Number of protein chains: 2
Amino acid sequence: MKEIKTELFFGDCTKELKKLPDNSIDLIVTSPPYADQRKSTYGGIHPNKYVNWFMPISKELLRVLKPTGTFILNIKEKVVDGERSTYVMELVLEMRKQGWFWTEEFIWHKKNSFPGKWSNRFRDSWERLLQFNKAKQFNMYQDAVKVPIGDWAKSRLKNLSTTDKKRDNAKNGSGFGKNVSNWLGKDTVYPTNVLHLATECNNKNHSAAFPEELPEWFINLFTTEYDTVLDPFAGSGTTLFVAKRMARNSVGIEIVPEYYDMIKEKLEIESQYILFEERADYGKNKLTKSNSIR
Amino acid sequence: MKEIKTELFFGDCTKELKKLPDNSIDLIVTSPPYADQRKSTYGGIHPNKYVNWFMPISKELLRVLKPTGTFILNIKEKVVDGERSTYVMELVLEMRKQGWFWTEEFIWHKKNSFPGKWSNRFRDSWERLLQFNKAKQFNMYQDAVKVPIGDWAKSRLKNLSTTDKKRDNAKNGSGFGKNVSNWLGKDTVYPTNVLHLATECNNKNHSAAFPEELPEWFINLFTTEYDTVLDPFAGSGTTLFVAKRMARNSVGIEIVPEYYDMIKEKLEIESQYILFEERADYGKNKLTKSNSIR
DNA sequence: GTTCCGCATGAATCGATAG
DNA sequence: ACTATCGATTCATGCGGAA
């Protein structure tokens, strides 16, 4: 019976990250305050200073991440004086100098984007999900996020086209012909690098940066049970709660007292709930869950 | 009765662009050869040299564009040694130094992306549509691209994966079903900065870089009738033919003789067709169409 | 006229092999 | 060591002919 741990730190993440050991994190999923956004809570970082502000943090993240781990950065540049600001692009270039590999850029297509109308632009309905890695070889569990195949398959895949057969028969016998059996029973396919998710708009107490499906998808893709997930800008704690539910250890850091308290309280409630109700396990093993709040 | 002109130049666009007068173009829509792609036809530009290769071209484009005009650049970085290449980001930064404003980045979500499976990444199903402007005030005709609500819902429903449907139904009342009823009253809505289009891969004679809907959408959005559209990498001529059909003047440049000849021939055929058949007008005015091929 | 099915192919990427 | 070529993998679309 293994134990799932959910740790929460209070304070500035540049400092708090130093408390974490090297190579201890399997996945980082976070949505840092965007430049000049959420001024009321984070004070707002000027677009020109954003890269300099983030570099010490990404340096620590690079240190704590396992060589097989992945860093998913949810970010989008804001409009400054009618132009898209370039700090995200500069950030990527600087992080590569720091030693990060920029493996991929996923697109989060927000199904219900923020309403509004402007004379010179349409509603912004997508955000960047930048994937960084410490090494070229990293853990990826693709089967965990397979999706149902498109409707076309039902009618089309019944009889495999002769071209497809020919195509692979021409190649030395190790191609499609061999795999026909895989295709006939096929009902799921691998996804692409575009994610379709709605923004979460149910909770009014906090500004949830992303819906639960978002960390859930990446946790499925890049970790297995008992791995450790980190969110250095925990905010409302979405990443932590999802990780916990999925039987992953997690570490969160939050600098805003109100958010910190909210997460803490919710964690404590959940712990008691588990004690009294003997909640069903997420995975196949019996689990006990504990929170360590500092 | 105004006349629509379709001009076609043969040669290297850096040189040919010099023949165009200052401030004469309302919209540039183009898809240059991506780094190291299309080697067989365009020779291929190494990722490291891409920015230097493009700078003289973008300088000329800045010159010929009207202050109220817009430049739409379709591009995507390829993977180099397991990482996304950074030349597109560097390109944006350099073009801003050149005087361009980077107004917006649209996403082209390709419904049918190239197949394949790799251990470290999923299929790439999106491309960038970078919007650059010469001035902060530019022409934009948003009403021209409003989406009919019925068609939108229809195509949207058709394309929704079963997961999406399930997910939406699972949400208590804020899901798809409820929203559909809200749309019934309205007839059109403004789109967002994400475009859903399939690539055209069925044409046997040539490979068009993008589907007709792509230039069509931007021509509607950024020009009116009798405006002038430029594509310095005409390729199969999609932009030119769409512009012509929409009663916009257009200028194309193409360096590959086979492509140039193909466009030329198609333009001539269309002209004759118009003479004999008295084709229905695109817009409300009577039009004659002429091609000037050099 | 619809619907259905056969068919070709697309700005891809990785790893192994060859010069 | 470094680059060039080749084989293997895989999903969705629209056209055109057939039912």
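In this text, all values refer to a predicted model and were calculated from it rather than measured experimentally. The written sequence of each chain sets the order in which its residues are numbered from 1. Think of it this way: whatever chain is written first is A, whatever ligand is written first is 1, and the rest follow in order. Selection of residues for local features in this predicted model requires a pLDDT of at least 70, selection of side-chain atom pairs for listing and counting requires 80 or more, and totals for whole chains, interfaces and linings are taken over all residues. Excluding hydrogens and water, the side-chain figures rest on all heavy atoms present in the structure.

### Brief notes about the relation of the copies chain B and chain A
Alright, step 1. Copy-to-copy superposition: least squares on the C-alpha atoms, limited to residues that have pLDDT of at least 70 in both copies. You can overlay chain B on chain A at an RMSD of 0.3 Å; the transform is a turn of 179° with a shift of 0.0 Å along its axis. Considering both components of the superposition, the chain copies are consistent with a two-fold axis.
Alright, step 2. Comparing interface residues between copies, 87% of those in chain B also sit at the interface in chain A, which points to an isologous, same-surface contact. In this description, contact between two residues means that some pair of their heavy atoms is separated by no more than 4.5 Å.

### Brief notes about the pairing of strand E11 (residues 228-231) of chain B
It is a general feature of regular strands that their side chains alternate between the two faces of the sheet.
Residues and elements named next belong to chain B.
Alright, step 1. Classification of residues uses two cut-offs on accessible area relative to the type maximum, computed with a 1.4 Å probe and protein chains only: under 20% is buried, over 50% is exposed, and between them is partly exposed. Numbered from the N terminus, helices here are DSSP runs of H or I no shorter than four residues, and strands are runs of E no shorter than two. Alternating positions in E11 separate into two faces, Thr228 and Leu230 on one and Val229 and Asp231 on the other, with burial throughout.
Alright, step 2. Here the rule is simple: two strands pair whenever DSSP picks up at least two bridges between them. Bridge count between E11 and strand E12 (residues 249-254): four bridges; the pairing is parallel. From the neighbouring strand, Leu230 faces E12, where its bridge partner is Val251.
Alright, step 3. Regarding the hand of the β-α-β motif, the stretch spanning E11, helix H9 (residues 238-245) and E12 is right-handed. For crossovers, right-handed means that the path from the first strand over the helix to the second runs clockwise, given strands pointing away from the viewer.

### Focus: H9 of chain B
Residue and element names in this part refer to chain B.
Alright, step 1. The buried count for H9 comes to seven of eight residues, which makes it a mostly enclosed element.
Alright, step 2. Those residues of H9 lying buried are Thr238, Thr239, Leu240, Phe241, Val242, Ala243 and Lys244.
Alright, step 3. Positive phi appears at Ala247, one or two residues downstream of H9, with a value of about 65°.

### Considering the interface of chain B and chain A
Alright, step 1. Between chain B and chain A, the contact holds 54 residues from the first and 52 residues from the second.
Alright, step 2. Here the buried area means the combined drop in accessible surface, using a 1.4 Å probe, for two parts upon being joined, counting both sides. Where chain B abuts chain A, roughly 4,800 Å² becomes buried across the two surfaces, and 55% of that area is made up of carbon and sulfur atoms.
Alright, step 3. The salt bridge involving Arg84 of chain B is made with Glu104 of chain A; its shortest N-O contact spans 2.6 Å.
Alright, step 4. By the criterion applied in these results, polar contacts are pairs of N or O atoms within 3.5 Å in which, for protein atoms, one can donate a hydrogen and the other can accept it, and in which residues neighboring in sequence qualify only through two side-chain atoms. Seen at the junction of chain B and chain A, the total is 33 residue pairs in polar contact (both at pLDDT 80 or more).
Alright, step 5. For the side of chain B that touches chain A, the secondary structure elements donating two or more residues are strand E5 (83-84), helix H4 (87-98), strand E6 (101-110), strand E7 (126-133), helix H6 (162-170), strand E10 (194-197) and helix H8 (213-222) of chain B. What makes a salt bridge here is a side-chain nitrogen of Lys or Arg within 4 Å of a carboxyl oxygen of Asp or Glu, nothing more.

### Re helix H3 (residues 50-64) of chain B
Residue pairs three or four apart in sequence face the same way in an α-helix, which turns once every 3.6 residues.
Alright, step 1. The terminal C-alpha atoms of H3 of chain B lie 22 Å apart, and with 15 residues this matches the ideal 21 Å at 1.5 Å per residue to within 8%.
Alright, step 2. The sharpest bend along H3 of chain B reaches about 25° and sits at Pro56 of chain B. Multiplying one less than the number of residues by 1.5 Å gives the expected span of a helix. At every residue, the bend is computed as the angle between two fitted axes, covering the seven residues ending there and the seven beginning there respectively.

### A look at the pairing of strand E3 (residues 65-75) of chain B
All names here are of chain B.
Alright, step 1. Counting buried residues along E3, eight of its eleven residues qualify, which places the element largely inside the surrounding structure.
Alright, step 2. Relative to E3, strand E2 (residues 25-30) is paired through five bridges, and the arrangement is parallel. Paired with Ile28 across the strands is Phe71, a residue of E3.

### Overview of a negative patch on the surface
Alright, step 1. Residues with no salt bridge and a relative accessible area higher than 30% make up the patches, which join like charges within 9 Å and nonpolar side chains (Val, Leu, Ile, Met, Phe, Trp, Tyr) within 5 Å. Here the accessible surface of atoms and residues is derived via Shrake-Rupley with a 1.4 Å probe, and residues count as covered only by protein chains that are part of the display. Lys and Arg are tallied as positive, Asp and Glu as negative. Neither His nor the chain termini are counted. Where a charge lies is defined by one atom per residue type, namely NZ (Lys), CZ (Arg), CG (Asp) and CD (Glu). A contiguous patch of negative charge on the surface is contributed by Glu258, Asp261, Glu265 and Glu268 of chain A.
Alright, step 2. Here Asp261 of chain A lies in helix H10 (residues 257-277).

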